[in-house]
Amino acid sequence: MNRHFKQFSVSSLATASGFLLAVVVMVSAPLLASTANFAVPDDTALRIRLDDTLTSVDSKVGDPFSATVVDQGEYRNARVYGHIAQIEMSGRVKGHTSMLLRFDRLVMPDGRRGFIQAEIIELYHAPSGEKVDVEGAIESGGRGRKSITHTAIGAGAGALLGGIFGGGKGAGIGSIIGGVGGLGTTAFHGHQKITLNSGQEMLIRVTGR
């Protein structure tokens, strides 16, 4: 009697466990399938707002970031995740600092997610004059012409003062000193900096998965 009862209990437990496992699989399978199959169509444009602050000085290649979709559409409030792929600093006299962002995935408010590739099309109201170059990287504002102007003014002022106090030879020496002074002013400004504050909005276009 006890032996029969034990066999019955083990058999019932196995049956119940198998039934529960089947139910879990049936319920979770559609959810897993929908998560794995979610895709954002190519050429979809999304206006996003950065959740993090990114700078060319404090941020590093590989640093992750996230952004929130602010469009009035089906992707509203979805989260976009990515990382910094590249940072190139400008020279001290001329050139631009650039920052390249990679977008990795988009997660919908209901939990669906999909891998994406995207490029930046536009920055909105960047406070330091950052812009998007032809390759989709973020670029700092230029400084080349301003640097040359500083140097020329320094050389001219030095020549004038040298001519007044030392004649022709003094003018030549004054030009050299003035030119060096102008370059020193430029070098003091250092590398150009890119700053994308939390809340910065940009437009991205999905290019593939």
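Residues numbered from 1 in each chain as written. Predicted model: local features only at pLDDT ≥ 70, side-chain atom pairs only at ≥ 80, totals over all residues. Heavy atoms only, no water.

Engineer: Can you lay out the overall build of the chain for me, pointing to particular residues and giving the numbers?
Structural biologist: Scanning the chain for helices and strands turns up two helices and 11 strands. Seen in sequence order, the chain has helices and strands lined up from the N terminus as α-β-β-β-β-β-β-β-β-β-α-β-β. Sorting the 209 residues of the chain into buried and exposed places 32% on the buried side. Of the contacts made within the chain by residues no fewer than 6 positions apart, 63% connect residues no fewer than 24 positions apart. Working note: accessible area of the chain is about 12,700 Å², and carbon and sulfur atoms make up 61% of it. (Helix = DSSP H or I, 4+ residues; strand = E, 2+ residues; numbered from the N terminus. Buried < 20%, exposed > 50% of the residue type's maximum accessible area, 1.4 Å probe, protein only. Contact = heavy atoms within 4.5 Å. Areas by Shrake-Rupley, 256 points an atom, 1.4 Å probe, with all protein chains shown as cover.)

Engineer: Provide a residue-level description of the pattern of salt bridges, including the pertinent values.
Structural biologist: The tally for this structure, following the rule as stated, stands at seven salt bridges. One salt bridge connects Arg-47 with Glu-201, and the closest N-O pair in it is separated by 2.6 Å. Residue Arg-47 is found in strand E1 (residues 45–50), and its partner Glu-201 is found in strand E11 (residues 201–208); the two are separated by 154 residues along the sequence. Its salt-bridge partner being Glu-119, residue Arg-205 comes within 2.4 Å of it at the nearest N-O pair. Of this pair, Arg-205 sits in strand E11 while Glu-119 sits in strand E7 (residues 117–124), placing them 86 residues apart in sequence. With relative accessibility at 27%, the residue Arg-205 sits in the partly exposed group. Given the relative accessible area of 27%, Glu-119 is considered partly exposed. Salt bridges here are not isolated pairs; linked through shared partners, they connect Asp-43, Glu-119 and Arg-205. (Salt bridge = Lys/Arg side-chain N within 4 Å of Asp/Glu carboxyl O.)

Engineer: Can you lay out the nonpolar core for me, pointing to particular residues and giving the numbers?
Structural biologist: Judged by nonpolar contacts, the single largest core of 29 residues is most densely connected at Ile-48, Leu-101, Phe-103, Leu-106 and Met-202. Those elements that place two or more of their residues in this core are E1, strand E3 (64–69), strand E4 (79–88), strand E5 (98–107), E7 and E11. Discounting residues that sit within four places of it in the chain, Met-202 has contacts with Leu-46, Arg-47, Ile-48, Leu-50, Leu-101, Phe-103, Ile-120, Glu-122, Leu-123 and Tyr-124. (Core = buried A, V, L, I, M, F, W, Y, C linked by side-chain atoms within 4.5 Å.)

So yeah, pure geometry; function would need other evidence.
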